[in-house]
Every structure is written in structure tokens, then in C-alpha cells.
Amino acid sequence: MKKKLLYAALVLVLLVGGGIGFVSYQLEQPVTAPLPPIKANTSPEAVARGAVIFHSMCEGCHRSPGSERVTGARMFEVPAFLGTFYSANITLDPNVGIGTLTDEQIARIIRYGVNRKDRMTMMAQSAMSDDDIAAVLGFMRSGDPVFQPDPATQPPTQLSTAGKLIVYLAGGTKVPDRPASGILTPPRTDKLAYGRYLAHDVFDCAGCHSPGFDASKGVGPEAFSGGFEFEDASGAKIVGPNITFHPTGIGKWSVEDFGVAIRDGLKPGGSGILRMPMPRFRGLQDDEVEALYEYLKSKPQLATKAG
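Residues numbered from 1 in each chain as written. Predicted model: local features only at pLDDT ≥ 70, side-chain atom pairs only at ≥ 80, totals over all residues. Heavy atoms only, no water.

### Quick word on the overall build of the chain
- For the chain, the count of helices and strands is 10 helices and four strands.
- Along its sequence from the N terminus, the chain presents helices and strands in the succession α-α-α-β-α-α-β-α-α-α-β-β-α-α.
- Computed over C-alpha atoms, the radius of gyration of the chain comes to 21 Å, within 12% of the 19 Å expected from 2.2 N^0.38 for 307 residues, which places it in the range of a compact globule.
- If you line up the chain on its principal axes, its C-alpha atoms span 70 × 50 × 40 Å.
- A burial count over the chain gives 41% of its 307 residues as buried.
- Within the chain, residue pairs in contact and separated by at least 24 positions form 62% of the contacts whose partners lie at least 6 positions apart.
- In the form shown here, the chain has an accessible surface area of approximately 16200 Å², with 60% of it arising from carbon and sulfur atoms. (Helix = DSSP H or I, 4+ residues; strand = E, 2+ residues; numbered from the N terminus. Rg over C-alpha atoms; globule rule 2.2 N^0.38 Å. Buried < 20%, exposed > 50% of the residue type's maximum accessible area, 1.4 Å probe, protein only. Contact = heavy atoms within 4.5 Å. Areas by Shrake-Rupley, 256 points an atom, 1.4 Å probe, with all protein chains shown as cover.)

So this is what it looks like as C-alpha cells:
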């Protein structure tokens, strides 16, 4: 009996070790993704648009507190059990930054999450339109001080065993199935379509406001109901709130309340401040706030889960 238990334990160890080894190997494999034929749009209008998106979605991860440039940062908000995460230097430094990358290479990182070494990065990929990616590139090429070359480097991201398994099971080795070019921005006059585009493809609201790690959770049955867990720099737990229009979510918020919350980080009536890592969408225009509001209002009303 003891020998059988010993053999069973040995087989289990080998299976688990082999599975972890397989996952680790898969995460290190090169992938294939096209180079989107997208060039930086450096018109004043595009640069202004790119600045809004960049400051809302990119700067918070790539610029550490107190830093003047986007030299990368420790991402404390990622739960510690997943590992230690660091964002990349995206200044125009030619050695450790993006100074030698073409527009197409940067567009590939944004659209597919594939870097110059043909490896999947840990950043969220985006289905932003060609025009909006061109606008972001235009801002990155605009000479803004945050992109001034800086050779500062960050340690490599180190996934824990649990982190490797979760990233692998969540599709972290798969290149998103989307075209290299031809993705259009919905017309702003179509509030639901444009609001959906902002919520999913530009700002990835579901990523923080839906539970779990599944890549498709934004269209799942618990989308926008909250529950995703972060950590602050001290290790304290932060839970992404419910942003459906259920009474336990934002069902009592007016569009004006919603605008103040996402632009300035203030809850209705001055009842509190929205904690980081919630970004501040300061540059959003009124019709964009309305589109996001109407889209979220159209989604199923789901109660916030306890805990």
C-alpha cells in the first residue's frame, strides 16, 4: 500500500512538473503577428486625440510616481500571487526604449501585444481603430517631454507558477484574431456603437470591472459587475466596483455624476474619491461621456457580489 501511494505521489509530481514546464515553454515561444501598416498622424487634432488616450490608458502603467518620463514602473496593482510585473520603458531612448522602433512595430504592440522580439507581452492588446492608433503614435512622436530619451531600465516581469498557469489558460500565448488594418472608428452619432467601442476597444473597462482572468470576460454573463481584485503598494486589496446600472452599481448616477467620476475621480455628491488604479479620463468630450454612459446603461443590471 505504501509503495502504491509513493508511486502515485511520484506520478502526480511528474505530471504537475511536466505541466508547469510545458506552460513555461509555451510562454517563451515566438509568435507571428502582422505589422499593421499604420503611420503616426501628427496633425494637431490627432496629437490631441492621442494625448487623451495615452494619458488615460498608457501613462499610468509606464510612468512611476514622481518620474518625469515614461521609463516603466513596478505594477503594484497586479496581485502578488501572479508574480512581479514591470512595464516597459517607452521613451525614445534608442537602446531600452522605442527610439529605434518603426510606427508599424509600435502599432503591432498596441494591436496584438507582440514586441520587437516576436514575444507576447503582458500588456492588454487593443482593438482600437486605425485612426486612434495613428493618433497615439502621433502623440508619441510629438516631442512631448514624457517621451524624452531616458536609459532607465526596469527588471523583467517574473510570473509565479500560478501566474504562468493563469496567463496560459487565459490565452496569453495566442495572438488576437483581428485584421492588421481596416478597423474603423464608429460614428459618434451612434451612441451605443461608439460607447461600446470606447468601453471595450479603447479603455477596456471590462478588464478592471469584471471578475476573473478570462480574455472574453467583457462579453460574459458577469461583464461590468465588478469583482476583479487589485492590490495597492502596501498589498491591501482593492476590488473593481460594479458599473452596471443595478442599484448596487451606478444605477443612481446621472450622466453628470458619471462624467465627474470618470474625468475627475470624484463620486457623486462628493461622497468619496475613486481609488487608483482607476485612471482619470480628463480629456473626454461630453458626447464621449454620454456614449459610455448610454452603452453601460444598455447592459444587463447585475448585483454586486458580496466580498
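Right, picking up where we left off after that structure.
### Thoughts on the side chain of His200
- By the secondary structure assignment, His200 is in helix H7 (residues 191-202).
- A relative accessible area of 16% means that His200 is categorised as buried.
- For His200, the side chain forms a polar contact with the side chain of Tyr295, separated by 2.7 Å.
- Excluding residues within four positions of it along the chain, His200 makes contact with Gly218, Val219, Phe224 and Tyr295. (Polar contact = N/O pair within 3.5 Å; in protein donor to acceptor, adjacent residues only side chain to side chain.)

### A short note on the packing of helix H2 (residues 44-57) against H7
- Contact geometry of H2 with H7 gives a least axis separation of 12 Å together with a crossing angle of 50°. In terms of orientation, H2 and H7 fall into the oblique class. Residues Arg49, Ile53 and Met57 of H2 touch H7, and the partners they reach there are Tyr194, Tyr197, Leu198 and Val202.
- For the contact of H2 with H7, the per-class residue count stands at six nonpolar, no polar and one charged. (Axes fitted to C-alpha atoms, helices over the stretch in contact; angles between N-to-C directions. Parallel < 35°, antiparallel > 145°, perpendicular 65-115°, else oblique. Nonpolar A, V, L, I, M, F, W, Y, C, P; charged D, E, K, R; others polar.)

### Focus: the confidence of the model for the chain
- Counting all residues, the mean pLDDT for the chain is 88, and 92% of those residues have values of 70 or more.
- Confidence scores differ between elements of the chain, with helix H1 (residues 2-27) showing the lowest mean pLDDT of 60 and helix H5 (residues 130-140) the highest of 98.
- Low pLDDT (under 50) marks residues 7-15, which in the prediction has zero contacts with non-local residues, meaning those over four places away or in another chain. (pLDDT = per-residue confidence, 0-100.)

### Considerations on the nonpolar core
- Counting residues in each nonpolar core, the largest one holds 50 residues, and the members touching the most others are Met128, Phe203, Phe224, Phe258, Ile262, Leu284 and Leu292.
- Mapped onto this core, the elements with two or more residues apiece are H2, helix H4 (103-112), H5, H7, helix H8 (205-209), helix H9 (255-264) and helix H10 (286-298).
- Contact partners of Leu284, with chain neighbours within four places excluded, come to Val52, Phe203, Ile262, Arg263, Val289 and Leu292. (Core = buried A, V, L, I, M, F, W, Y, C linked by side-chain atoms within 4.5 Å.)

### Comments concerning H10
- When the terminal C-alpha atoms of H10 are compared, their 18 Å separation across 13 residues agrees well with the 18 Å that a helix rising 1.5 Å per residue should span.
- Along H10, the residues that are buried comprise Glu288, Val289, Ala291, Leu292, Tyr293, Tyr295 and Leu296.
- Each element contacted by the buried residues of H10 is listed here: H2, H7, H8 and H9. (Expected span 1.5 Å × (residues − 1).)

### Section: the packing of aromatic side chains
- Inspection of the entire model under this criterion finds 10 aromatic pairs.
- Plain terms: the ring middles of Phe54 and Phe139 are 5.6 Å apart, the flat faces sit at 55° to each other, and that makes the pair tilted. Separated by 85 residues along the polypeptide, Phe54 in helix H2 and Phe139 in helix H5 bring together distant segments of the chain. We note that Phe54, like Phe139, is buried.
- Aromatic ring contacts, followed pair by pair, group Phe54, Phe139 and Phe147 into a single cluster. (Phe/Tyr/Trp six-rings, centres within 6.5 Å; stacked < 30°, edge-to-face > 60°.)

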